[in-house]
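The chain contents come next:
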Amino acid sequence: MIPFRFLHAADLHLDSRFAGLSHLPQDIRSYLRESTFAALGRLVGVAILQKVDFVVISGDVYDVSDASLQGQLRFREALEELGRHGIQAFLIHGNHDPLDGPRLSSAPPAHVTVFGGSEPEHVTARRREDGREVAVVSGISYLTSKVTENTALRFSRQPGSSLFHIALLHGNVDGDLQHETYSPCTRKDLIGRGYDYWALGHIHKRSILHEHPPIVYPGNIQGRSIKETGPKGCYTVDVNAEGGVRLDFHELDSVRWQVRELSIDGLTDEAEWTFAVENAVEDIRSETPQMMSVVRFRLTGRGDIHKVLAEKGAADDLLTELQRREAVRAVRKEYAGLVWTEGFSIETGLAVDREHLLLEDSFLGEMLRLAEHSGGNAAELDELVATALRPMMENQELRRLLLSVGPEEKQEWLRGAAELGITLLSGLEESGGAQLNAAEEGKDRSAEGSEAFMEGSGLLAGGKTKDTDGWVMNRAAAADAGDGDGQQGREVEE
């Protein structure tokens, strides 16, 4: 077999919207919008610098809803740059940029192959330096935005060919329920088709699902929401004379999203907490000095500062100030090292003996026991959440959002409701935080009473986060976007 090298990318989402950041200052919003194009430019740079023989792109170059003329022209410009360096390009269309979606009607350049949507097509790729045939590249595009059949079963290796075989597929492998089940298939389906490399797209978290043959999600090239954390980019793939494969990941993003945990353990007052957050921001700035960062702080742990966070709006005030400082940097075009705090997820609690409270013969003890029991039982958790949120289901938009909430977020709401109950009913003195006797009122209340309490004042509060528009809102209404970031198989460290 003739050695060669190719680049595998997917989910470019050029000129895409960024979820939950519509109220950003104009300078930062413009920089975010440009970041997908910057990642595309870096992709072309990697292809040229690494002297790849060809590039494969596994779907979702654009979003149909945001398919701007600028995005299409910039992509065509990138393809032309690859062509000037003798680099072939092979691409398919996915659920966000199906063949029936709006786009320029001009034919692709001669060095670019766009696979159709009826059956997998097969094209021979050549090595740049000598034009020798090195691989058979197969692919199938989405005719429409919803392809629910297992298109992987249509692929078959070219009979009698000894060339390396690469398949381009945009779909959900192994039925990850957190993502749209477009072109659903299993690893077994892919392994059984006889291909040497499966170049996947659709899942935005990079992962290697199988090593022999490689079944690979490269992830998207630029994170677009807090669900798409960590480095984003593409793989270069080296194939040796024996058909062995080596993958190297290349970072392409200019805006890095992350969730950073910050414990309140040991913090005694608001000033200490503010100092800790400011230090964390500077740590992020020093870790990624050449790029912009967007961070959500997960506030965890137990301590007296919890009451300040839960009741006095300290998190809102600090968020406003942190964002003001970074907006000043943006006005000066200092995007390298800019750290935009997207919000705070308050998951803290008071410094109490929770185990003792669970044993108490009190309303608070009963409520905590109900939360503990329901949290460990999926069916009971669903029933509890459905009961608590029933009044909100009358609103069509809220109903749509709430029905899309997964079990992890429901667990978080329940945890937050329990912590709110502790704050309201534990009887802690504000001055010293010393624990008094737990509230005796309501000792004989049943589980129905505890459930009613959670409905009235706890469950919804458990999911609050500070959004960038300056309001405190429930996370169910935040509707973070993106195809998702998880996938079964061996996930590469982000």
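Residues numbered from 1 in each chain as written. Predicted model: local features only at pLDDT ≥ 70, side-chain atom pairs only at ≥ 80, totals over all residues. Heavy atoms only, no water.

**Q** Describe a negative patch on the surface, with residues and values.
**A** Taken together, the side chains of Asp 269, Glu 270, Glu 272 and Asp 317 present a region of like negative charge at the surface. Among the structural elements, Asp 269 can be located in the loop between β13 (255–263) and α4 (270–287). Here Asp 269 falls in the partly exposed class, since its relative accessible area comes to 35%. (Patch = residues over 30% accessible without salt bridge, like charges linked within 9 Å, V, L, I, M, F, W, Y side chains within 5 Å. Areas by Shrake-Rupley, 256 points an atom, 1.4 Å probe, with all protein chains shown as cover. Salt bridge = Lys/Arg side-chain N within 4 Å of Asp/Glu carboxyl O. Lys, Arg positive; Asp, Glu negative; His and termini not counted. Charge placed at Lys NZ, Arg CZ, Asp CG, Glu CD. Helix = DSSP H or I, 4+ residues; strand = E, 2+ residues; numbered from the N terminus. Buried < 20%, exposed > 50% of the residue type's maximum accessible area, 1.4 Å probe, protein only.)

**Q** I'd love a proper account of helix α6 (residues 314–331), names of residues and values included.
**A** Compared with an ideal rise of 1.5 Å per residue, which puts 18 residues at 26 Å, α6 spans 26 Å between its outermost C-alpha atoms and is within 8% of the ideal. Burial in α6 covers these residues: Ala 314, Ala 315, Leu 318, Leu 319, Leu 322, Gln 323, Glu 326, Ala 327 and Ala 330. Remark: Lys 333 follows α6 within two positions and exhibits a positive phi of approximately 65°. (Expected span 1.5 Å × (residues − 1).)

**Q** How would you summarise the sheet that holds strand β12 (residues 245–251) if you had to cite specific residues and measurements?
**A** Overall, mixed pairing links the six strands, which are arranged β4-β3-β2-β1-β11-β12 in an open sheet. Strands at the two margins of the open sheet, each flanked by one partner only, are β4 (112–114) and β12. Mean inter-strand twist for the sheet, computed between neighbouring axes without regard to direction, equals 20°. In this sheet, β4 lies alongside strand β3 (residues 88–92) in parallel orientation, the contact comprising three bridges. Across the sheet, the residue bridging to Ala 89 is Val 112, located in β4. (Pairing = 2+ DSSP bridges. Axes fitted to C-alpha atoms, helices over the stretch in contact; angles between N-to-C directions.)

**Q** For the packing of aromatic side chains, give the residues involved together with the corresponding values.
**A** Tallied over the full model, the rule gives 14 aromatic pairs. A ring pair is formed by Phe 4 and Phe 164, whose centres lie 5.6 Å apart and whose planes are at 75°; its orientation type is edge-to-face. Of this pair, Phe 4 sits in strand β1 (residues 4–9) while Phe 164 sits in strand β7 (residues 164–170), placing them 160 residues apart in sequence. Neither residue differs from the other here; Phe 4 and Phe 164 are each classed as buried. Centre to centre, the rings of Phe 54 and Phe 90 are 5.6 Å apart; their planes meet at 90°, and the pair counts as edge-to-face. Here Phe 90 lies in strand β3 and Phe 54 lies in strand β2 (residues 54–58), a separation of 36 residues in the sequence. (Phe/Tyr/Trp six-rings, centres within 6.5 Å; stacked < 30°, edge-to-face > 60°.)

**Q** For the packing of helix α1 (residues 26–49) against helix α2 (residues 69–84), give the residues involved together with the corresponding values.
**A** Direction vectors running N to C along α1 and α2 enclose 10°, while the axes themselves pass 10 Å from each other. One element, α1, and the other, α2, form an angle in the roughly parallel class. Taken together, the residues of α2 that come into contact with α1 (itself represented by Arg 33, Glu 34, Phe 37, Leu 40, Val 44, Ala 47 and Ile 48) are Gln 70, Gly 71, Arg 74, Phe 75, Ala 78, Glu 81 and Leu 82. In terms of residue class, the contact of α1 with α2 is built from eight nonpolar, two polar and four charged. (Parallel < 35°, antiparallel > 145°, perpendicular 65-115°, else oblique. Contact = heavy atoms within 4.5 Å. Nonpolar A, V, L, I, M, F, W, Y, C, P; charged D, E, K, R; others polar.)

**Q** Which residues make up the packing of α4 against α6, and what values go with them?
**A** Running from N to C, α4 and α6 point in directions that differ by 35°, and their axes come no closer than 11 Å. Here α4 and α6 pass one another in a crossing that is right-handed. Facing α4, whose interface residues are Glu 270, Trp 273, Thr 274, Val 277, Glu 278, Val 281 and Arg 285, α6 presents Ala 314, Ala 315, Leu 318, Leu 322, Arg 325, Glu 326 and Arg 329. A per-class count over the contact of α4 with α6 returns seven nonpolar, one polar and six charged. (Left-handed = near helix turned anticlockwise from the far one by under 90°.)

**Q** Lay out the pairing of β1 in plain terms, naming residues and giving numbers.
**A** Across the six residues that make up β1, a large majority, five, are buried. The pairing of β1 with strand β11 (residues 233–239) spans five bridges and is antiparallel. Within β11, the position partnered with His 8 by the bridge is Tyr 235. Of the pairings in the sheet, the one linking β1 to β2 comprises four bridges and is parallel in character.

**Q** Tell me about unusual backbone geometry, and please be specific about residues and values.
**A** Geometrically, the link from His 212 to Pro 213 is a cis peptide bond, its omega value of 0° lying close to zero. Within the secondary structure layout, Pro 213 lies in the loop between β9 (207–211) and β10 (214–217). The backbone of Asp 11 sits at a positive phi, close to 55°, despite the residue not being glycine. Summarising the element assignment, Asp 11 is placed in the loop between β1 and α1. Judged by relative accessible area, which is 1%, Asp 11 ranks as buried. Even without being glycine, Lys 333 reaches a positive phi, approximately 65°. If you trace the backbone, Lys 333 turns up in the loop between α6 and β15 (339–346). Judged by relative accessible area, which is 53%, Lys 333 ranks as exposed.

**Q** Account for the pattern of salt bridges, with residues named and values stated.
**A** This model, assessed by the stated rule, comprises 30 salt bridges. Of the charged contacts in the structure, one is a salt bridge between Asp 248 and Arg 246, with a shortest N-O distance of 3.0 Å.

**Q** Give me the lowdown on the nonpolar core, citing residues and values where you can.
**A** Grouped together as the largest cluster of nonpolar side chains are 27 residues, with contacts concentrated most on Leu 7, Leu 12, Leu 14, Val 55 and Phe 75. Broken down by element, the residue count for this core peaks at seven residues, all from α1. Once residues within four sequence positions are removed from consideration, Leu 7 is found in contact with Leu 43, Val 46, Ala 47, Val 52, Phe 54, Val 55, Val 56, Cys 234, Tyr 235 and Thr 236. (Core = buried A, V, L, I, M, F, W, Y, C linked by side-chain atoms within 4.5 Å.)

**Q** Which residues make up α4, and what are the values?
**A** With 18 residues, α4 should cover 26 Å at 1.5 Å per step; its first-to-last C-alpha distance of 26 Å lies within 8% of that length. Along α4, the positions that sit buried rather than exposed are Trp 273, Ala 276, Val 277, Ala 280, Val 281, Ile 284 and Arg 285. The inward-facing, buried residues of α4 abut β13, β14 (292–300), α5 (305–311), α6 and β15. Put simply, Asp 269 is the residue that caps the front of α4, since its side-chain oxygen is 3.2 Å from the backbone nitrogen of Ala 271. (Polar contact = N/O pair within 3.5 Å; in protein donor to acceptor, adjacent residues only side chain to side chain.)

**Q** Can you lay out the pairing of β9 for me, pointing to particular residues and giving the numbers?
**A** When β9 meets β10, the two strands line up antiparallel, connected through four bridges. Bridging across to β10, Glu 211 finds its partner in Pro 214.

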